[in-house]
Amino acid sequence: MSDNDINKIILPYSISVRELAEKMDASPIEVIKVLMANGVMASINQNVDFDTAAVVASELGFEPELETIEEVKPEDVGEVPFWRRVIADEDEKDLKSRPPVVTMLGHVDHGKTTLLDAIRETNVAGGEEGGITQHIGAYQIEHKGKKITFLDTPGHAAFTSMRARGAQGADIVILVVAADDGVMPQTREAANHAKAARVPIVVALNKMDLPSANPELVKRQLSEIGLVPDEWDGDTIVVPVSATKKQGLEDLMEAILLVADNKEIKANPKGEVLGTVVEGELDRFRGAMATLLLQNGTIKMGDTILAGKAHGRIKAMFDFRGNRIEKAGPATPIMVMGLNDVPKAGDLFRVVESDKEARAIVAEMEAEETHKSSTPKISLEDLFAKLQAGEVQELRLIIKADVQGSLEPIVNSLTELGEKEPEVSIVILHQETGNISESDVMLAAASDAIVIGFAVEADNAAERLAEKEGVSVRLYTIIYRLIEDIEKAIKGMLKPVMVAKTIGRARVLATFSVSRFKVAAGCRVLDGEIRRNANIRVRRNDETIFDGEIGSLKRGKDDVREVREGFECGIALKQFHEFQEGDILECYVIEQEVI
């Protein structure tokens, strides 16, 4: 293989910044920096065209080429998901047929969701026992005695996010194309995603009931993107359907089973237990809940699972109808309760020996992430020291404000300040109305900028990313204070103002003895949340009788990082043991004052 082959990279006509970074094994921040240097401001989830992506790839040492349909072949594009490799290593005699897993992709408004609903309702009307009483992101239907599992994640964005983690769960993709609209850009993109993931495609030619339907034209368009209909001697099954009229659904099910039979979809029910997280949520009454799609092995009540960084022993397990079950086999969608945290969609999960082993694996993962983490970013507090040391010559800002009427005077005032202070140039990288988002923080991380918000908030995802990346986010409600702080920072006069912020309250319901902390309190969280790494005030009769650190926070027997409103927990403090029933525990954190 030549050096040219090693550095060659095949890019589609449109790709997100995140996917582009992954293709080059680079960090998204590195890609964003190159884009910024070329005058393109793009967030991590924003798509860029081939020409733009090619410039980035070239600057990072790659030789970019535009992807063609002929180049998107199962044998040379797309890494085989980890769980498929595990199954491939199983002994052939242990493999059994399992239901195919199907997901739907296609252009916006071509009827993906309507078609999913039509299939589900038809199956219920056909006498499916118990019906479908609870939507959990995945469900099974039965056609002529054979089961088919549907991932209810219409849209290639969700499909791609799962594939990006090496955990793509579908065996067959139904590409929904409207007969009156034809092949659209998103249709092409969805087809490329499916091909890159090595997944066979069945085309559902939807909206055939409309007078404007032109199926022959659409079939020609499909041929042009490499999906030649089987009636034209191609290998793509094209099924005419009408989701609204519920026509052609039987034929579509037959096509799915035909492709599944040809593909010989198998798994080992007695093999290693692993699969994919379809979705996760925090239920107010049941805690962290995860919808899982099992791909190999058999999962049972009481098993300890590790899903991403979330882990725990399964305390309850439900099928897609919401019925309690004791075990589940391959290609079965289930919902489980008992994890210590909410896993992310697309995370791989597997069964481990114990919670201790799971914690050890998570600790290794976090240690690796810490090792890879970026250096601390600049903040207003340390700006003057960096100026004096010659480390920075400019202050880069991202400005977010509630309305345009606030944004303009802030930008004008900062521009004037920059002209008056020759020590440092003030560069406003981005200015916009609206709350501070994850994209704003990602841009700041890529450019060593500070995020300034006026009369706005930072959403939860942005706060988490800012903490992880070390990005300084400052919020103001008075314009002159904002300008004054920037000026003080440049002159080395700014001092941070720290305040205690209450984030949750809990009531002591009972006390019990523990070996390490003598006495702990059994509590119910009244509002907000209790965090293990925060401080606690013990209030009795409206007086604070203790103020100190949390020693231990548990739910049941499990150590947890936080407990939210409505849940019960056990709390032990490091230097206080004289709890009484009825005491109010105020959990607070020390943070910079919002001016």
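Computed from a prediction, not measured in an experiment: that's the story for all the values here.

(A) Up close: the pairing of strand β13 (residues 274-283). Strand direction decides the pairing type here: β13 and strand β21 (residues 348-352), joined by three bridges, are antiparallel. Paired with Gly-275 across the bridge in β21 is Phe-349. Here β13 runs beside strand β14 (residues 287-296); their pairing, made up of nine bridges, is antiparallel. Directly across from Asp-283, in β14, lies its bridge partner Gly-287. Here β13 folds back onto β14 in antiparallel fashion, the turn holding three residues.

(B) Just the sheet that holds strand β9 (residues 172-178), in detail. Here six strands make up an open sheet; going across it, the order is β7-β8-β6-β9-β10-β11 and the pairing mixed. Each having just a single partner strand, β7 (138-143) and β11 (237-240) make up the two edges of the open sheet. Each strand of the sheet is rotated relative to its neighbour by a mean of 30 degrees, with strand direction disregarded. Of the strands in this sheet, β9, β10 (201-206) and β11 touch helix α9 (residues 215-224), which is tilted by about 150 degrees from β10. Sheet contacts for helix α10 (residues 249-263): β6 (101-106), β7, β8 (146-151), β9, β10 and β11; angle to β8, the most-contacted strand, approximately 100 degrees.

(C) A look at the pattern of salt bridges. Scanning all chains against the criterion turns up 22 salt bridges. One network of salt bridges, in which partners are shared, links Glu-529, Arg-531, Glu-562 and Arg-564.

(D) View of unusual backbone geometry. The backbone of Ala-331 sits at a positive phi, close to 65 degrees, despite the residue not being glycine. For Ala-331, a relative accessible area of 1% translates into the label buried. Located in the positive-phi region is Asp-542, a residue other than glycine, with phi close to 65 degrees. Here Asp-542 is to be found in the loop between β28 (535-540) and β29 (543-555).

(E) Focus on the sheet that holds strand β24 (residues 450-454). Reading across the sheet, the four strands line up as β23-β22-β24-β25 and stay open at both edges, with parallel pairing between neighbours. The strands lining the two open edges of the sheet, one partner per strand, are β23 (425-433) and β25 (473-476). Averaged over all adjacent pairs, the angle separating strand axes in this sheet is 25 degrees, with direction ignored. Judged from the five bridges that link them, strand β22 (residues 394-401) and β24 form a sheet pairing that is parallel. In the sheet register, Ile-398 faces β24, and the bridge partner there is Val-451.

(F) Representation of a negative patch on the surface within the structure. A cluster of acidic residues, Glu-438, Glu-457, Asp-459 and Glu-463, forms a negative patch at the surface. One can find Glu-463 in helix α15 (residues 460-469).

(G) Up close: helix α16 (residues 479-491). Given a rise of 1.5 Å per residue, 13 residues ought to cover 18 Å, and the 19 Å separating the end C-alpha atoms of α16 matches this to within 8%. Regarding α16, the residues found buried are Leu-482, Ile-483, Asp-485, Ile-486, Ala-489 and Ile-490. Summarising the axial view, the buried residues of α16 lie within an arc of 155 degrees, below the 170-degree limit, and thus occupy one face.

(H) Summary view of the packing of helix α14 (residues 438-447) against α15. Two elements in contact, α14 and α15, have axes separated by 8 Å at closest approach and are oriented at 20 degrees. With respect to α15, the axis of α14 lies roughly parallel. The chirality of how α14 crosses α15 is right-handed. Taking contact as the criterion, the partners of Glu-438, Val-441, Met-442 and Ala-445 in α14 are, on α15, Ala-461, Ala-462, Leu-465, Ala-466 and Glu-469. Considered class by class, the residues forming the contact of α14 with α15 number seven nonpolar, no polar and two charged.

(I) Spatial organisation of the packing of aromatic side chains. According to the stated counting rule, one finds three aromatic pairs in the structure shown. Aromatic side chains Phe-576 and Phe-579 sit 5.3 Å apart centroid to centroid with 85 degrees between the ring planes, which places their arrangement in the edge-to-face category. As far as burial versus exposure is concerned, Phe-576 and Phe-579 are alike and both buried. By the ring-pair criterion, three or more aromatic residues cluster together here, those being Phe-546, Phe-576 and Phe-579. Directly above the ring of Phe-318 sits Arg-286, whose terminal nitrogen or CZ lies 5.2 Å from the centroid. Seen from the ring of Tyr-588, Arg-537 lies directly overhead, with NZ or CZ sitting 4.2 Å from the centre.

What counts as what
- Residues numbered from 1 in each chain as written.
- Predicted model: local features only at pLDDT ≥ 70, side-chain atom pairs only at ≥ 80, totals over all residues.
- Heavy atoms only, no water.
- Pairing = 2+ DSSP bridges.
- Helix = DSSP H or I, 4+ residues; strand = E, 2+ residues; numbered from the N terminus.
- Axes fitted to C-alpha atoms, helices over the stretch in contact; angles between N-to-C directions.
- Contact = heavy atoms within 4.5 Å.
- Salt bridge = Lys/Arg side-chain N within 4 Å of Asp/Glu carboxyl O.
- Buried < 20%, exposed > 50% of the residue type's maximum accessible area, 1.4 Å probe, protein only.
- Patch = residues over 30% accessible without salt bridge, like charges linked within 9 Å, V, L, I, M, F, W, Y side chains within 5 Å.
- Areas by Shrake-Rupley, 256 points an atom, 1.4 Å probe, with all protein chains shown as cover.
- Lys, Arg positive; Asp, Glu negative; His and termini not counted.
- Charge placed at Lys NZ, Arg CZ, Asp CG, Glu CD.
- Expected span 1.5 Å × (residues − 1).
- Arc of directions from axis to C-beta.
- Parallel < 35°, antiparallel > 145°, perpendicular 65-115°, else oblique.
- Left-handed = near helix turned anticlockwise from the far one by under 90°.
- Nonpolar A, V, L, I, M, F, W, Y, C, P; charged D, E, K, R; others polar.
- Phe/Tyr/Trp six-rings, centres within 6.5 Å; stacked < 30°, edge-to-face > 60°.
- Lys NZ or Arg CZ within 6 Å of the ring centre and 35° of its normal.

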